[in-house]
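One-letter residues, chain by chain:
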Amino acid sequence: MTLFLDQNPGAYGRIMPGRSATPRQPTLADVAVLLLAEGQIESKYMPRNQFFGHITAAQFVQTQAALNAINNPDASAQAKAFRQLFIRWLDTRIAPDDLNNIYWMANNFRNVKEASNLLRRIVTTDGVQPYAKAQSMIYLYQRGTPEELAIIRTQLKNDTGTNNRMQIAPANGKDPAVFVEAQIRDIALALLLTHAKQDMKEYGYVLTNGFTPAMAAQNYYGYGFKTDDDRKAAHKKFEEFEAKQKAAPKKDEPKKDEPKKDEPKSETPPVRQQKR
């Protein structure tokens with residue numbers, strides 16, 4: 001709280017008694033002490049009130065001093081030690097209360113592999129808020145590795161709602177508006193469809209005005225299904241699509257029950273005997 005108020009002395013509409021009105025950025029040592037403390041104390045013992053519950057060390061590892069140390073650990077002995085402490089702190093973020101408000105920070109450290117592990121943990125940990133899971137899946141998708149797609153796939157049965165029920169006005173301005181909403185499994189499916197170059201609309205998704213299928217790789221707020229029946233049909237269709245893809249012969253392989261083509265035999269021309 002002290003570091004936050006030093007950075008933002010006018011937060012909450014007034015200067016706290018005894019504090020300077022001039023913003024002060026925390027030093028590398030300040031952030032290091034905070035990382036060390038949070039890494040040692042269990043989440044359930046962290047004070048979380050309505051004003052400062054969302055403020056953690058994640059707010060301060062993106063100050064310039066911390067960024068310089070994390071991105072350039074060889075610059076000094078202090079920088080190298082700070083990066084190691086930062087990585088250890090990432091590994092201790094396991095409680096839902098910690099994971100809910102940290103995904104945006106994890107995405108900003110793509111050069112730190114442990115940050116990807118943190119995003120995976122956000123997606124797969126029970127109790128994490130839907131908005132954090134949905135956005136973390138998008139960040140993992142943007143990394144584009146098979147491992148990240150496998151993590152997204154684990155959410156295809158997660159029927160938790162994302163609380164993003166949307167009203168879509170008809171294009172002709174005459175028909176009644178429709179309401180759509182998305183569950184976590186719908187976000188996962190949309191990302192897998194995008195990866196497979198499948199059109200979301202052909203799977204029954206309804207998109208808000210101005211939202212395009214390509215935008216699913218950037219934002220989860222803009223599409224959904226009108227009914228559970230539409231949702232079930234979409235997921236079933238994707239299962240059938242994947243089954244068909246697995247059954248299809250690979251390139252240059254014969255189709256099932258199709259005999260292999262005989263390879264052309266090379267004939268050796270007869271040797272002509274020379275006349276004596």
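Attention in this report is confined to the structure presented alongside it.

Parameters at a glance
- Residue indices begin from 1 for each chain and proceed along its sequence in written order.
- pLDDT decides what is reported in this predicted model: residues at 70 or higher carry local features, side-chain atom pairs at 80 or more are listed and counted, and totals for whole chains, interfaces and linings draw on all residues regardless.
- Side-chain descriptors were evaluated using all non-hydrogen atoms of the structure, hydrogens and water having been removed beforehand.
- Only DSSP runs of H or I covering at least 4 residues are called helices, and only runs of E covering at least 2 are called strands; the numbering of each starts at the N terminus.
- Each residue is placed in one exposure class: buried if its accessible area under a 1.4 Å probe, protein chains only, is under 20% of its type's maximum, exposed if it is over 50%, and partly exposed if it falls in between.
- Put simply, a salt bridge is a Lys or Arg side-chain nitrogen that is within 4 Å of an Asp or Glu carboxyl oxygen.
- Lines fitted to the C-alpha atoms define the axes, with helices restricted to the stretch that makes contact. Angles between their N-to-C directions range from 0 to 180 degrees.
- Roughly parallel here means an angle under 35 degrees, roughly antiparallel means over 145, roughly perpendicular means 65 to 115, and every remaining angle is called oblique.
- Crossing handedness: left-handed means the near helix sits turned counterclockwise from the far one by under a right angle, and right-handed means the same turn made clockwise.
- Contacts are assigned to residue pairs that have any heavy atoms within 4.5 Å of one another.

**Observations concerning unusual backbone geometry**
Next up, step 1: For Asn 163, which is not glycine, the phi dihedral falls at a positive 60°.
Next up, step 2: Its place among the elements puts Asn 163 in the loop between helix H9 (146–153) and strand E1 (166–168).
Next up, step 3: Relative accessible area serves as the criterion here: at 76%, Asn 163 is assigned to the exposed category.

**Describing the pattern of salt bridges**
Next up, step 1: All told, the structure shown has seven salt bridges when counted by the stated rule.
Next up, step 2: Salt-bridge contacts for Arg 120 lead to Glu 148; the nearest nitrogen and oxygen are separated by 2.9 Å. Placement of the pair is Arg 120 in helix H7 (residues 113–124) and Glu 148 in helix H9, with a sequence separation of 28 residues.
Next up, step 3: The residue Arg 231 makes a salt bridge to Asp 228 at a minimum N-O spacing of 2.5 Å. In this pair, Arg 231 and Asp 228 both sit in helix H11 (residues 228–247), three residues apart, roughly one turn of the helix.
Next up, step 4: In this structure Asp 228 comes out as partly exposed when scored by relative accessible area, which is 46%.

**Brief notes about the packing of H7 against helix H8 (residues 130–143)**
Next up, step 1: Taken N-terminus to C-terminus, the directions of H7 and H8 make an angle of 140°; their axes are 8 Å apart at the nearest point. Comparing their axes, H8 and H7 come out oblique. Our pair here, H7 against H8, has a crossing hand that is left-handed. Facing Ser 116, Leu 119, Arg 120, Ile 122, Val 123 and Thr 124 of H7, the residues of H8 in contact are Ala 132, Lys 133, Ser 136, Met 137, Tyr 139, Leu 140 and Arg 143.

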